[in-house]
Amino acid sequence: MNKKQKIVKKMAKREKAKQNKIEKPKVGAKPRYISKAERARLEAETPEAVVEVISVDASSDEDKVAS
């Protein structure tokens, strides 16, 4: 093997190693696990957000009626 071929092969090997280190999205990967406690906390937060939106809508309706 001549000198140029050796260099080209080394460079290709290094490039491939770099590409292997890059994290790629996995095809068909499952979503991460969410514990029961985490789900309960998320569900507890959701109704509060809905209540806030409803109360803001109601207050804006009251403002329209008052004017």
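Above this text you will find the structure in question.
In this text the structure is predicted, and so the values were computed from the model without any measurement.

What counts and how
- Residues numbered from 1 in each chain as written.
- Predicted model: local features only at pLDDT ≥ 70, side-chain atom pairs only at ≥ 80, totals over all residues.
- Heavy atoms only, no water.
- Helix = DSSP H or I, 4+ residues; strand = E, 2+ residues; numbered from the N terminus.
- Buried < 20%, exposed > 50% of the residue type's maximum accessible area, 1.4 Å probe, protein only.
- Areas by Shrake-Rupley, 256 points an atom, 1.4 Å probe, with all protein chains shown as cover.
- Patch = residues over 30% accessible without salt bridge, like charges linked within 9 Å, V, L, I, M, F, W, Y side chains within 5 Å.
- Salt bridge = Lys/Arg side-chain N within 4 Å of Asp/Glu carboxyl O.
- Lys, Arg positive; Asp, Glu negative; His and termini not counted.
- Charge placed at Lys NZ, Arg CZ, Asp CG, Glu CD.

A. Representation of the overall build of the protein chain. Of regular secondary structure, the protein chain possesses two helices and zero strands. Residues counted as buried form 0% of the 67 residues belonging to the protein chain. Carbon and sulfur atoms make up 60% of the accessible area of the protein chain, which totals about 7,000 Å².

B. Spatial organisation of a positive patch on the surface. Together, K6, K10, R14 and K18 make up a region of like positive charge exposed at the surface. Mapped onto the secondary structure, K18 falls in helix 1 (residues 3-21). Since its relative accessible area comes to 56%, K18 is described here as exposed.

C. A look at the pattern of salt bridges. Evaluated as defined, the whole model comprises two salt bridges. E38 is the partner of R41 in a salt bridge, and the nearest nitrogen-oxygen pair spans 2.5 Å. Taken together, the residues span about one helical turn, with R41 and E38 both in helix 2 (residues 36-66) at a distance of three residues. One salt bridge connects E45 with R41, and the closest N-O pair in it is separated by 2.7 Å. In this pair, E45 and R41 both sit in helix 2, four residues apart, roughly one turn of the helix. Residue class for E45 comes out partly exposed when judged on its relative accessible area of 39%. Connected via shared salt-bridge partners are E38, R41 and E45.

Just distances and angles here, no functional claims.
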